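Structural overview
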Amino acid sequence: MTNSTTAQSSGRRGPEPPDLAEKGGVKDGQPQRLDRRLFMQFLAFGGSTLDSRLLGDALDGAGVKGVVYEDINDPRGLGLVTFSDDPGYFLDNVRPMLNRQPFASLTQKPEYTMLGRTYALGYEPDLTDVLLHRPRRTVLNPEWKWAVWYPLRRSGRFAALPADEQRVILAEHGAIGMSYGAGDYAHDVRLACHGLDKDDNDFVVGLIGKDLYPLSAIVQSMRKTQQTSLYLERLGPFFVGRVVWQSAL
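What comes next is a walk through the structure. For clarity, every value in this text was computed on a predicted model and none was experimentally measured.

1. Quick look at the nonpolar core
Counting residues in each nonpolar core, the largest one holds 27 residues, and the members touching the most others are Met40, Phe42, Tyr69, Val81, Val139 and Trp149. Of all the secondary structure elements, the ones that give two or more residues to this core are β3 (39-46), β4 (66-71), β5 (78-84), α4 (127-140), β8 (146-154), β9 (187-192), β10 (203-209) and β12 (239-246). The leading source of residues in this core is α4, at five residues. Non-local contacts of Val139, meaning those with residues more than four positions away in its chain, are made with Met40, Val67, Phe83, Trp149, Val189 and Gln246. Counting 19 residues, the second largest nonpolar core, distinct from the first, contains Phe90, Val94, Phe103 and Leu115.

2. Here we look at the packing of aromatic side chains
As enumerated under the stated definition, the model contains nine aromatic pairs in all. Judged by centre distance (6.1 Å) and plane angle (80°), the rings of Tyr89 and Phe90 are edge-to-face. When sorted by exposure, Tyr89 lands in the same class as Phe90, which is buried. Where Tyr150 meets Phe238, the ring centres are 4.5 Å apart and the plane angle is 25°; that geometry is what we call stacked. Here Tyr150 is found in strand β8, whereas its partner Phe238 is found in the loop between β11 (232-235) and β12, with 88 residues between them in sequence. What links up through ring pairs into an aromatic cluster is the set Phe42, Tyr69, Tyr112, Trp149 and Phe239.

3. Examining the environment of Gly122
In this structure, Gly122 sits in the loop between β7 (114-117) and α4. Gly122 sits in the partly exposed class, given a relative accessible area of 36%. Sequence-wise, Gly122 and Gly25 are 97 residues apart; in three dimensions their C-alpha atoms are separated by 5.9 Å. Discounting residues that sit within four places of it in the chain, Gly122 has contacts with Lys23, Gly24 and Gly25.

4. Section: helix α2 (residues 53-62)
For α2, the full list of buried residues reads Leu55, Gly56, Ala58 and Leu59. Down the axis of α2, the buried set is contained in an arc of 160°. They therefore lie on one face. Exposed side of α2, more than 90 degrees from the buried face: Arg53 and Gly61 are the residues found there. Taken together, the buried residues of α2 touch β4, β5, α3 (89-98) and β12. Positive backbone phi, approximately 70°, marks Gly63, located one or two places after α2.

5. Quick look at the side chain of Glu22
Along the chain, the position of Glu22 falls in strand β1 (residues 22-27). In terms of polar contacts, Glu22 uses its side chain to reach the side chain of Arg37, at 3.1 Å. Non-local contacts of Glu22, meaning those with residues more than four positions away in its chain, are made with Gln32, Arg33, Leu34, Arg36, Arg37, Arg117, Thr118, Tyr119, Ala120, Leu127 and Leu131.

Cut-offs used in this document
- Residue numbering note: each chain is counted from 1, following its sequence as written.
- For a predicted model such as this one, the threshold for reporting local features is a pLDDT of at least 70, and the threshold for listing and counting side-chain atom pairs is 80 or more; totals across whole chains, interfaces and linings nevertheless cover every residue.
- Only hydrogens and water are set aside; all other atoms, that is, all heavy atoms of the structure, feed into the side-chain values.
- To qualify as a nonpolar core, a set must consist of buried Ala, Val, Leu, Ile, Met, Phe, Trp, Tyr and Cys residues joined through side-chain atoms within 4.5 Å.
- Here's how the labels work: a residue is buried when its accessible area is under 20% of the maximum for its type, exposed when over 50%, partly exposed in between, all with a 1.4 Å probe on protein chains only.
- Helix and strand definitions follow DSSP, with helices as H or I runs of at least four residues and strands as E runs of at least two, each counted in order from the N terminus.
- Note on contacts: a residue pair qualifies if any of its non-hydrogen atoms lie within 4.5 Å across the two residues.
- Pairs were defined over the aromatic rings of Phe, Tyr and Trp, the Trp ring being its six-membered one, requiring ring centres within 6.5 Å. Orientation was assigned from the angle between planes: stacked under 30 degrees, edge-to-face over 60, tilted for the rest.
- Read the arc as the range of directions from the helix axis to the C-beta atoms.
- Here a polar contact is taken to be a pair of N or O atoms separated by no more than 3.5 Å, where protein atoms must pair a possible hydrogen donor with a possible acceptor and residues adjacent in sequence count only if both atoms sit in side chains.

The values reported here are purely geometric and, on their own, carry no functional implication.
Written out as structure tokens, the structure reads:
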């Protein structure tokens, strides 16, 4: 007799499948749920002697939405952000484009490859906007030309903390981010990458803004939080760049 048959004959229920939907705050009297999320990928390249705008033309021609950055730390370096709510898009649309010119002549820097998905914290007033639209608006805003992208991994000690203590630590971190956003100094893209990252990172962060200094200042401010100072196992590498091409929002 199988285990499932035994469970049924004894009146016990078998394991329930997990609820994978993202949950937001109450809206119009109803709790929000959404089983969609935006996937975003960051790739970096070196060895470019091309006019960087040609890469934007290639993206346009392939119908790929995204952003091209020039790397401030590499005179021949570039960064590329693409996104879709369908992860197959990166294989079916982005991959073929990267294997054609002008991208095929570039050298990929795999240490900077990042892939993540948007996620909810549970209190978002507009869940659909947070998961699918706001990250697009952030990276495609023509006024916000500077960006810092990096991955991070928390230590296992953080996961072992009680939930209430975790919330306090995350709230300290989040308050700094909201203050920079309120001043239009820095805006963030937060992505979960559990199991999607070859280096086993937990999150990808993009800091986006009009000027570079505030993006450095927010990193400096967050170094003093409990999350960063006590519970991060790994941070970086950091890509720092300025937009040379954006697709239309």
